[in-house]
Amino acid sequence: GGHGRSCVEFGEAPIPSPITPLYATQQLIQMAEKFQGENALREMYMKEAKRIMSKYPLMDGHNDLPWGLRCCFDMKWSKLDLTKNWEGVNVPGVPWEQLHTDIPRLREGHVGAQFWSVFIPASLTGPEAIQCTLEQIDIVHRMCDKYPDVFEMAYSGQQVKDIFKRGKIPSMCG
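Model, not experiment: these values are computed from the prediction.

A. Structural context of the overall build of the protein chain. In terms of helices and strands, the protein chain carries 6 helices and 6 strands. Helices and strands in the protein chain line up, N terminus first, as β-β-α-α-β-α-α-β-α-β-α-β. Burial analysis of the protein chain (174 residues in total) assigns 37% to the buried set. In the protein chain, once contacts between residues fewer than 6 apart in sequence are set aside, the share between residues at least 24 apart is 54%. A total of about 10400 Å² of accessible surface is found on the protein chain, and carbon and sulfur atoms cover 57% of it.

B. Representation of the pairing of strand β4 (residues 111–116). Most of β4 sits out of view: 5 of its 6 residues are buried. By the bridge criterion, 4 bridges tie strand β3 (residues 58–63) to β4 in an arrangement that is parallel. In the strand pairing of β4, aspartate 60 is matched with glutamine 114. Pairing of β4 with strand β6 (residues 169–173) involves 3 bridges; the strand directions are parallel. By the bridge assignment for β6, glutamine 114 is matched with serine 171.

C. Region of the structure containing the side chain of asparagine 63. As for its placement among the helices and strands, asparagine 63 is situated in strand β3. If we ignore the near neighbours within four places in the chain, the residues touching asparagine 63 are Thr101, Gln114, Phe115, Trp116 and Ser117.

D. Representation of the packing of helix α3 (residues 65–72) against helix α5 (residues 126–146) in the model. At a minimum axis distance of 9 Å, the contact between α3 and α5 shows a crossing angle of 105°. Taken together, α3 and α5 sit at an angle that is classed as roughly perpendicular. Contacts between α3 and α5 pair Leu65, Pro66, Trp67, Leu69 and Arg70 from the former with Cys132, Glu135, Gln136, Ile139, Val140 and Met143 from the latter.

E. The arrangement of the pattern of salt bridges in detail. Following the criterion strictly, the structure yields 8 salt bridges and no others. Of the charged contacts, one joins glutamate 48 and arginine 51 as a salt bridge, the two residues approaching to 2.8 Å between their closest N and O atoms. In this pair, glutamate 48 and arginine 51 are both assigned in helix α2 (residues 39–55), 3 residues apart and thus about one turn of the helix distant. The class of glutamate 48 is partly exposed, set by a relative accessible area of 34%. Judged by its relative accessible area of 43%, arginine 51 is partly exposed. Glutamate 135 serves as the salt-bridge partner of arginine 70, at 2.7 Å between the closest nitrogen and oxygen. Pair noted here: arginine 70 is in helix α3 and glutamate 135 is in helix α5, with a separation of 65 residues, a long-range link.

F. Region of the structure containing the pairing of β6. Where burial is concerned, most of β6 is hidden: 4 out of the 5 residues are buried. In this sheet, β6 lies alongside strand β5 (residues 151–153) in parallel orientation, the contact comprising 3 bridges. Among the inter-strand pairings, glutamate 152 is bridged to a residue of β6, identified as proline 170. Each parallel crossover has a hand, and for β5 linked through helix α6 (residues 157–165) to β6 it is right-handed.

G. Representation of the sheet that holds β6 in the model. The 4 strands lie next to each other as β3-β4-β6-β5, forming an open sheet whose pairing is parallel. Whereas interior strands pair on both sides, the edge strands pair on one side only; in this sheet they are β3 and β5. Pairs of neighbouring strands in the sheet enclose a mean axial angle of 30°, with direction left out of account.

The rules behind each value
Residues numbered from 1 in each chain as written. Predicted model: local features only at pLDDT ≥ 70, side-chain atom pairs only at ≥ 80, totals over all residues. Heavy atoms only, no water. Helix = DSSP H or I, 4+ residues; strand = E, 2+ residues; numbered from the N terminus. Buried < 20%, exposed > 50% of the residue type's maximum accessible area, 1.4 Å probe, protein only. Contact = heavy atoms within 4.5 Å. Areas by Shrake-Rupley, 256 points an atom, 1.4 Å probe, with all protein chains shown as cover. Pairing = 2+ DSSP bridges. Axes fitted to C-alpha atoms, helices over the stretch in contact; angles between N-to-C directions. Parallel < 35°, antiparallel > 145°, perpendicular 65-115°, else oblique. Salt bridge = Lys/Arg side-chain N within 4 Å of Asp/Glu carboxyl O. Right-handed = clockwise from strand over helix to strand, strands pointing away.

Next comes the structure, spelled out in structure tokens:
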């Protein structure tokens, strides 16, 4: 799910769905600016938001990056550099046109834990579906191996807490 771009109406402004942590943070900043327009208030809210997010992991519940790697980079991490900010870069073959994820934006958005979608199309069945699912799971594990200072697989709530305390992004398949 979540491959198309849809909007949910909230008051007068459309909000993209799914909402990314970076988008949520930017919206909080804009709301603070609208009320006061003062840098001091903005800095106060940002400082408090960062304090909270440094103590409690902000968990992103769905990320389609594994499917993007499959569609556009032949499932090869050697072809995709997540240390690069991919914002605004059109990537041919990605169903949603651009990558929504890279390490700079995960860090900027204070993502504290990540469920990586191991989505496969419903049209796949039998052994083909099993193989594709296992490949999607393998993509997540290989990402953690490629970026061990950033990502680490987590298999329990306690592991999420421990990995987060070490400054890494706990990673789970979902």
